[in-house]
Amino acid sequence: MKFFIDTASLAQIKEAQDLGVLDGVTTNPSLMAKEGISGEERVLQHYVDICNIVDGDVSAEVISVDFAGMVKEGEKLAALHKNITVKVPMTRDGVKAIKYFSGKGIKTNCTLVFSPGQALLAAKAGATYVSPFIGRLDDVSTDGVQLIESIRTIYDNYGYATQILAASVRHPMHIIQCAEVGADVATCPLSAIVALFDHPLTTIGLEKFLADHKKAQQATAKA
Ligand code: E4P
């Protein structure tokens with residue numbers, strides 16, 4: 001399963017990249033706003049900066065809601081760098097735009113997906129990625145991971161190549177559960193990725209190994 005980081009923070013992207021397990025980045029207008037990135041030129045430059053840190057797909061979301069606007073914006077985004085993936089919302093115009101981009105060989109990520117039917121439409125239109133938002137479903141008492149499982153079954157039934165990108169991941173158990181049900185990608189906050197490293201028995205075990213090694217060395221030195 002690929003690990004993407006879900007942020008527009010260059011510092012966090014660099015930190016995740018340094019861990020050696022990062023495969024890509026997803027952003028959205030809220031994450032860009034959180035970093036104070038606004039104005040067309042600044043936004044475009046920020047995507048280029050991200051692409052220069054990570055060698056993997058970088059989702060850049062369109063702001064337009066009509067087909068013509070999405071096409072214009074998406075083509076501009078895609079021209080920035082070979083790793084740019086145009087992120088398009090799950091709407092009628094969005095699905096039409098995904099079909100258009102797919103015909104032009106432009107990578108797409110269909111975002112704001114909350115049902116198997118929406119995921120089926122995204123795959124039929126030729127989306128590169130589909131983004132079911134599992135955390136937001138959990139927030140409204142609906143099983144987000146179960147949606148990933150359902151989409152996995154549907155895509156496997158028909159051999160759709162669209163990759164399931166589990167989004168709105170909130171904690172490390174989400175990552176494990178997504179891996180168990182066969183998500184292709186999980187896009188995660190840095191905190192959830194970093195949390196996977198830790199286990200108290202690893203810490204205790206390493207301390208014991210090092211203490212035993214030190215004792216053995218001291219014994220050799222005395223002999
Ligand atoms: C997906 O690509 C979105 O950027 C993101 O995962 C949304 O997560 P949130 O529900 O934590 O805002």
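Given the structure is predicted, the values throughout are model-derived calculations rather than measurements.

S.K.: Before we go on, may I ask you to explain the site of the ligand in this structure?
M.R.: Around the ligand, the neighbouring residues are Asp6, Thr26, Asn28, Lys87, Phe133, Arg136, Ala167, Ser168 and Arg170. The separation between an oxygen atom of the ligand and a polar side-chain atom of Arg136 is 2.7 Å. With respect to the ligand, the side chain of Ser168 contributes an N or O atom lying 2.7 Å from an oxygen atom. Burial of the ligand by the protein amounts to 85% of the accessible area it has alone, namely 350 Å². More than half of the atoms of the ligand fall within 2 Å of the grid points belonging to the largest pocket. Across the shell around the ligand, the residue classes tally to 2 nonpolar, 3 polar and 4 charged.

S.K.: Got a minute to help me understand helix H8 (residues 144–158) in this structure?
M.R.: Side chains three or four residues apart in an α-helix point the same way, a direct result of the helix having 3.6 residues per turn. Between its first and last C-alpha, H8 extends 22 Å over 15 residues, near the 21 Å set by a 1.5 Å rise per residue. Regarding H8, the residues found buried are Gly144, Val145, Leu147, Ile148, Ser150, Ile151, Arg152, Ile154 and Tyr155. Contacts from the buried residues of H8 go to strand E5 (108–113), helix H6 (116–124), strand E6 (129–132), helix H7 (134–139), strand E7 (163–166) and helix H9 (172–180). Between the side-chain oxygen at the start of H8 and the backbone nitrogen of Val145 there is a gap of 3.1 Å, and the oxygen is on Asp143. One or two residues past the end of H8 sits Gly159, with phi positive at roughly 70°.

Basis of the calculations
- Residue numbers restart at each chain and count upward from 1, following the sequence in its written direction.
- Since the coordinates come from a predicted model, pLDDT governs what is reported: local features require at least 70, and pairs of side-chain atoms require 80 or more to be given and counted, while whole-chain, interface and lining totals use all residues.
- To obtain the side-chain values, all non-hydrogen atoms of the structure were included, while hydrogens and water were left out.
- We call a residue near a molecule or strand when any one of its heavy atoms sits within 4 Å of it.
- Definition of a polar contact: a pair of N or O atoms within 3.5 Å, with one able to donate and the other able to accept a hydrogen when the atoms are protein atoms, and with sequence-neighbouring residues admitted only if both atoms are side-chain atoms.
- Using a 1.4 Å probe, the Shrake-Rupley method yields the accessible areas, and only the shown protein chains count as cover for residues.
- Whether a set of points on the 1 Å grid over the protein atoms alone is a cavity depends on a 1.4 Å probe fitting there but being unable to get out, while an open set qualifies as a pocket with protein on both sides within 12 Å along at least five of seven lines; lining residues are those with an atom within 4 Å of a point.
- Any molecule with more than half of its atoms within 2 Å of a cavity's or pocket's grid points is counted as sitting in it.
- For this classification, Asp, Glu, Lys and Arg are treated as charged, while Ala, Val, Leu, Ile, Met, Phe, Trp, Tyr, Cys and Pro are nonpolar and the rest, including Gly, are polar.
- Note on conventions: DSSP H or I runs of at least 4 residues are helices, E runs of at least 2 residues are strands, and numbering of each starts at the N terminus.
- The length a helix should cover is 1.5 Å for every residue beyond the first.
- Only protein chains enter the calculation, and the probe is 1.4 Å; a residue is then buried if its accessible area is under 20% of its type maximum, exposed if over 50%, and partly exposed in between.
- By definition in these notes, contact holds between two residues if any of their heavy atoms fall within 4.5 Å.

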